[in-house]
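Structural features, examined
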Amino acid sequence: MPSSFPSARYAPALMVRQHLFSLLTEDGELLTLSASEACRHLRTMTPPLVVNAPDTLSELGLRTSEQPFPCFDLLELYTFVYPARPVVPTPRGLAIALGHEPDDIPSEEADLLHTLLSQILADLETLSNGPQAEFLNALTIRLGQAEWPWASTVAECIRLNSRLTSSGKLPDDAMQPADALRIWHKLPKWEEAAPRPPASAYPITAAEARTRLAALLGETAENRAGQADFSSVSTIAFTPATHAASPSIVLAEAGTGTGKTLGYLAPASLWTERNDGTVWISTYTRHLQRQIEQETKRIFPDEATRRRHVVLRKGRENYMCLLNMEDIVNSAASRPARLTVALAMLARWAMASADGDLTGGDLPGWFGSVFGHNITSAVADRRGECIHGACAHYQRCFVEHTIRRAREADLVIANHALVMAQVAYARHDGDATEETPQEETIPSHYIFDEGHHLSDAADGAFSAELSGLEAAELRRWLLGAEGNRSRARGLKRRLDDLVSGHKKLEAQLDSALMAAHALPAPGWSVRLNESETTQEKTDTPEEADTTPPAPKLENPTEVFLRLIRQQVMARNQTDQSYGTIECDLHPPLPELTHASHTLAQAYMQLAQPLRALASALNFRLQDEADTLDSTTRGRIEAMVRSLQRRAITRVEAWISMLETFDQPAREPGTMPEHVHFLRLTRRGKQHLIEQDVGLHRHWLDPTIPFAGIMALPAQGLLITSATLRDRSESADPPASSTPAQAEFDTEEAERSWAAAEALTGVCHFPAPAVRASLSSPFDYASQTRTFIINDLDHNNLHDLSAAFRTLFTASGGGGLGLFTAISRLKGVHSHIATPLREQNIPLYAQHVNALDNATLIDIFRTEENACLLGTDAMRDGVDVPGRALRLVVFERVPWPRPDILHRERRVHLSGGDPKGYDDSIARMKLRQAFGRLIRSQSDRGVFVLLDRRTPSRLLSAFPHGVSPERRGLAKAAEEIRSFLLPKD
């Protein structure tokens, strides 16, 4: 028997049903119990069937870490039988995933679980007779050795005993249990192909785009006014360029419900077919990436065909690293058995996964909560660790597979940060990225969806940070783990066989590694905390030690960081002692200026041998061109690119930042190109721990470098969003108005477009953009109500919690609560979760539930009467049509955070109207939040803002036809109930 657990076929079943529990006993009796009653039964019965054991234990009031009773989690069995198939981790979600219609799910009682179990086991039996049989046999035995509860049930279902020899083992020629987890031997290899030629430049017409759109929509699709017009205007972005570094640009605001995804996919797919080229579609959120990928099924219904033509690209850290997987598998025998179960499920998934994407791909977002939160991060391709061509699994690597597929794809769905990094590194000194070899062409056409976030993405992509975490990460990349358990190999191990015997290369490598000791050593943050304690003691004269300290050689980066911390704390203008604390760089402490000089010299001594090493490796490629084999040549090329990207570029940026200490302070009112400031991040209230400290540099206007890198390679850009323009009054002149009003409205419309061009960086391109505005097709006046609560002290957590509870109850669930601070979200959740559950309204929350955002949204979408609390990530890009989302509650006006960077931007980028600059940001966030509410013609919903101080000038954020009403909480709840709930 593979496991000591009995078969689950006749196990009792336990299911959370509303605020109580449904229990099917071993005798077949259905009971409805409270949490305490359910716990008493569980102590005396055999392991029950459940769905999502951690969530069930939490509902019972038990700590999941203690695992007080064993159980059969159907999610675990589902993962084993249907790897890489999505499922919402609730009984209802599981039933839908197994083919039940939402309205025909047989029961809300615990006996439903046995119905689902029978279906899963029937499918497993079918699998066991197919090509996966050998893998399933070996993996089941391995799971039995790890005491997986389902092992006996699975073994019985696949008739494992009949496949064993008389000695109780698998045949010698079959896959053995010890090899079941070693997936790196079984995955397919990629093969290099000739570079794709440059695309042609044949244009497409508006009529052709409309025809393609109609074909994609089909005859039964919902008619969306403006979608065909949007598709038509999008074709301008595919017009052949007429001047160098001057792409054709379309700036299109398409209101919620326009159907812009298919609107731009129609001309994009048509252009790729005609020109044998690639269009990159970039988004800001993972939610939208997933939605766009789903929409491409209309273009390529066949899955195999779609896989060739459509690729979703993310950063390396999102994918499974086979070398990390190997390291963990090899050490699993000495670690808890539960780790082996998690590794077995990852192995099962990896063999079925489309691309090995761990975050937002086909690995369930709840995987970590069920199998262990650290496992996915442990097997991910962590920053700086990849050794590229030196890896034994290089040709099976998920990342490398995806990179090569993207080179041949028609449509590549990426994110803003990745696109900017790709283009920036490809243009750096004529070099290429690790992903884009120099001989390959950079894509020429781009679609930037969620264009209102381009500035935010560019801000992250083109900023620089000389901090403890960043510098320590570079040290780890150069020197390796330095005694830790991490497998970080360091530069010497990566390059050892490439430089061995080449004295010049060896000397440069040794010099670089010696200079790397100027970077913060392991334990730097602990020493930073110790320095605070030491400083406090020496500040007391009577306790000061009069003995001169022995001279010691201090790490220059750690000295620099300690002085930054000192300046930040000395100039902290708030009573805040934890969290993020900032101060201006100028005027710096005299000691800090001196430390910056010392550190700059140390980094110059690091940069020089690194540059020389890269140059010498390049020379070796040329000098030994006739003798180097292809593998070695590829490794050298990859290493040169890594040196440039991971180390040289970063160190050069730090040296440039340190030079600012010698520059005079900027005169007040003068506009800087960059903003420099110091930041300290601390966590904990009672016991403060320094998380990071450093010097930060941001572009004042980050869209300048964005436009600079995109202008040359791009032939055409489409930048679109539902919220590109701020409507401080009326961005579009009404059909009929007086001449004076029409002139005012026209001027206001021009100002709104100019602001949109500044927000997206379009104003920095040589040629003007074609502007387009497509209104939402929804009748917001009749489909929505909007309230501002005017009798609530939203600074009082108890009052705020009571408001959320009252409003969610009034709507009968289906509520999305949005917060500007995580602490208030958690506080409200702790106050209202139990009262709502007692009224049959489940409550989920970002930063509280151990699930990723995509899974939380999937649950929210599936469970019609659930409520969800979230922050910014839930405000943008969430698409939940129907009654599942019928109420949005925003806890306060989303004013911009008043930090140093915002201070400088509101002064210099506001056109002399800093107050209006703040208002514009708040209005845009309110527009985004309101946009979550109505997603189809049949939706009805209510938007509530719990901030009685909301100024009237912000109310133009809402669509035409929406008239926000100021109400007391009780009156608003009454009207919500009347508007949303079905009439008897």
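Before going into details, it helps to say that this report is about the structure given with it. Since the structure is predicted, the reported quantities are computational estimates derived from the model, not experimental observations.

Within the protein chain one finds 36 helices and 23 strands. The C-alpha atoms of the protein chain give a radius of gyration of 30 Å, which matches the 30 Å a tight globule of 984 residues would have. Projected onto the principal axes, the alpha-carbon positions of the protein chain cover approximately 85 × 80 × 80 Å. Look at the contacts in the protein chain between residues 6 or more apart in sequence, and 77% of them connect residues 24 or more apart. Here the protein chain carries 103 positive and 124 negative side-chain charges, and the mean point of each set is 1 Å from the other.

Another point: the packing of aromatic side chains. Here the structure, examined in full by the defined rule, presents 18 aromatic pairs. With a centroid separation of 6.1 Å and 10 degrees between ring planes, the pair formed by Tyr-446 and Phe-448 is classed as stacked. As far as the burial class goes, Tyr-446 and Phe-448 line up, both buried. Ring plane angle 55 degrees and centroid distance 5.6 Å describe the contact between Tyr-780 and Phe-930, whose orientation is recorded as tilted. One end of the pair, Tyr-780, is in helix H29 (residues 780–783); the other, Phe-930, is in helix H35 (residues 914–930), with 150 residues separating them in the sequence. For the pair Tyr-780 and Phe-930, a shared accessibility class is recorded, and that class is buried. The structure contains a cluster of three or more aromatic residues connected by ring pairs, namely Phe-778, Tyr-780, Phe-930, Phe-943 and Phe-958. Over the ring of Phe-80 we find Arg-348, and its NZ or CZ is 5.7 Å from the ring centre. Sitting over the ring of Phe-979, Arg-940 keeps its end group 4.0 Å from the ring centre.

Attention now goes to empty space enclosed by the protein. As enumerated under the stated definition, the model contains five cavities of 30 Å³ or more in all. As a volume, the largest cavity reaches approximately 100 Å³. Taken together, 13 residues form the lining of the largest cavity, with Cys-321, Leu-323, Cys-386, Cys-391 and Cys-397 sitting closest to its centre. Residue composition of the lining of the largest cavity, grouped by class: eight nonpolar, two polar and three charged.

Moving on to the sheet that holds strand E19 (residues 843–845). With parallel pairing, the seven strands of this open sheet are ordered in space as E19-E20-E18-E21-E22-E17-E23. Sheet topology places E19 and strand E23 (965–967) at the edges, where each strand pairs with a single neighbour. Across the sheet, the mean angle separating the axes of adjacent strands is 20 degrees when strand polarity is ignored. Pairing of strand E18 (residues 815–818) with strand E21 (residues 887–890) involves four bridges; the strand directions are parallel. Bridging across to E21, Leu-818 finds its partner in Phe-890. The strands touched by helix H32 (residues 853–862) within the sheet are E18, E19 and strand E20 (867–870), with E20 carrying the most contacts at an inclination of about 155 degrees.

Time to look at the nonpolar core. In this structure, Phe-80, Trp-150, Met-320, Met-325, Leu-346 and Phe-943 are the most contacted members of the largest nonpolar core, which totals 112 residues. Broken down by element, the residue count for this core peaks at ten residues, all from helix H14 (residues 337–352). When residues no more than four places from it in sequence are discounted, the contact partners of Trp-150 are Ala-8, Leu-49, Phe-72, Asp-73, Leu-74, Glu-76, Leu-77 and Leu-117. One finds Ala-472, Leu-478, Leu-498 and Leu-505 within the second-largest nonpolar core, a separate group that totals 61 residues.

Put simply, His-586 and Pro-587 share a cis peptide bond, and its omega is -5 degrees. Relative to the helices and strands, Pro-587 is located in the loop between strand E12 (579–584) and helix H25 (590–623). Of note in the backbone geometry, Asn-840 takes a positive phi value of approximately 65 degrees without being a glycine. Within the secondary structure layout, Asn-840 lies in the loop between helix H31 (822–838) and E19. Its relative accessible area of 33% is what places Asn-840 among the partly exposed residues.

The next point concerns the packing of helix H21 (residues 490–499) against H25. Each pair of packed helices gets described by two things: the angle between the helix axes and the distance between those axes. In contact at an axis separation of 13 Å, H21 and H25 are set at 30 degrees when each is read in the N-to-C sense. Taken together, the axes of H21 and H25 lie roughly parallel to each other. Between H21 and H25 the crossing geometry is left-handed. Between H21 and H25, the contacting residues are Leu-491, Leu-495 and Leu-498 on the first element and Leu-610, Leu-613, Leu-617 and Arg-620 on the second. Split by residue class, the contact of H21 with H25 holds six nonpolar, no polar and one charged.

Another aspect to go through is the sheet that holds strand E6 (residues 248–254). The strand order E8-E9-E7-E10-E15-E6-E16 describes an open sheet built from seven strands, whose pairing is parallel. Two strands close off the open sheet at either side, each with one partner strand: strand E8 (310–312) and strand E16 (770–774). Strand-to-strand twist across the sheet, computed as the mean angle between neighbouring axes with direction ignored, equals 15 degrees. Sheet topology note: the strand E10 (residues 445–448)/strand E15 (residues 716–721) ladder contains four bridges and is parallel.

Mapping Ala-821 onto the fold places it in the loop between E18 and H31. Under the relative-accessibility criterion, Ala-821 is labelled buried at 19%. Separated by 534 residues in the primary sequence, Ala-821 and His-287 have C-alpha atoms spaced 21 Å apart.

Our focus in this paragraph is helix H8 (residues 206–217). Note that an α-helix has 3.6 residues per turn; residues three or four places apart therefore point the same way. Its twelve residues place the ends of H8 16 Å apart at the C-alpha level, agreeing with the 16 Å of an ideal helix rising 1.5 Å per residue. Listing the buried residues of H8 in full gives Ala-209, Arg-212, Leu-213 and Leu-216. Down the axis of H8, the smallest arc covering the buried residues is 100 degrees, so these residues share one side. The exposed set on the far side of H8, more than 90 degrees from its buried face, consists of Ala-207, Thr-211 and Ala-215. Elements in contact with the buried residues of H8: helix H9 (227–234) and helix H10 (260–275). Downstream of H8 by a residue or two, Gly-218 has a phi angle that is positive, lying close to 80 degrees.

Within strand E2 (residues 20–24), four of the five residues are buried, leaving the element largely enclosed by the surrounding structure. Hairpin geometry of strand E1 (residues 13–17) and E2 is characterised by an intervening segment of two residues between the two adjacent antiparallel strands and by a positive phi of about 60 degrees at Gln-18. Bridging between E2 and strand E3 (residues 30–33) involves four bridges; their strand directions are antiparallel. Following the sheet pairing, Ser-22 is matched in E3 by Thr-32. Following E2, the chain reverses through five residues before pairing antiparallel with E3; Gly-28 in that reversal takes a positive phi of roughly 85 degrees.

The next thing to look at is the pattern of salt bridges. Summed over all chains, the structure comprises 50 salt bridges. Residues Asp-276 and Arg-196 are paired through a salt bridge, measuring 3.0 Å at the closest nitrogen-oxygen approach. One end of the pair, Asp-276, is in the loop between H10 and strand E7 (279–283); the other, Arg-196, is in the loop between helix H7 (151–157) and H8, with 80 residues separating them in the sequence. For Arg-635, the salt bridge is made with Asp-497, and the minimal N-O distance between the two is 2.7 Å. Of this pair, Arg-635 sits in helix H26 (residues 630–658) while Asp-497 sits in helix H21, and the two are 138 residues apart along the sequence. On the accessibility criterion, Arg-635 (14% relative accessible area) is buried. A single salt-bridge network, built from bridges that share partners, covers Glu-192, Arg-316, Asp-381, Glu-400, Arg-404 and Arg-407.

About the cut-offs
- Residues numbered from 1 in each chain as written.
- Predicted model: local features only at pLDDT ≥ 70, side-chain atom pairs only at ≥ 80, totals over all residues.
- Heavy atoms only, no water.
- Helix = DSSP H or I, 4+ residues; strand = E, 2+ residues; numbered from the N terminus.
- Rg over C-alpha atoms; globule rule 2.2 N^0.38 Å.
- Contact = heavy atoms within 4.5 Å.
- Lys, Arg positive; Asp, Glu negative; His and termini not counted.
- Charge placed at Lys NZ, Arg CZ, Asp CG, Glu CD.
- Phe/Tyr/Trp six-rings, centres within 6.5 Å; stacked < 30°, edge-to-face > 60°.
- Buried < 20%, exposed > 50% of the residue type's maximum accessible area, 1.4 Å probe, protein only.
- Lys NZ or Arg CZ within 6 Å of the ring centre and 35° of its normal.
- 1 Å grid on protein atoms, 1.4 Å probe; cavity = no way out; pocket = protein on both sides within 12 Å on 5 of 7 lines; lining within 4 Å.
- Points joined across faces, edges and corners; volume = space filled by probe spheres on them.
- Nonpolar A, V, L, I, M, F, W, Y, C, P; charged D, E, K, R; others polar.
- Pairing = 2+ DSSP bridges.
- Axes fitted to C-alpha atoms, helices over the stretch in contact; angles between N-to-C directions.
- Core = buried A, V, L, I, M, F, W, Y, C linked by side-chain atoms within 4.5 Å.
- Parallel < 35°, antiparallel > 145°, perpendicular 65-115°, else oblique.
- Left-handed = near helix turned anticlockwise from the far one by under 90°.
- Expected span 1.5 Å × (residues − 1).
- Arc of directions from axis to C-beta.
- Salt bridge = Lys/Arg side-chain N within 4 Å of Asp/Glu carboxyl O.

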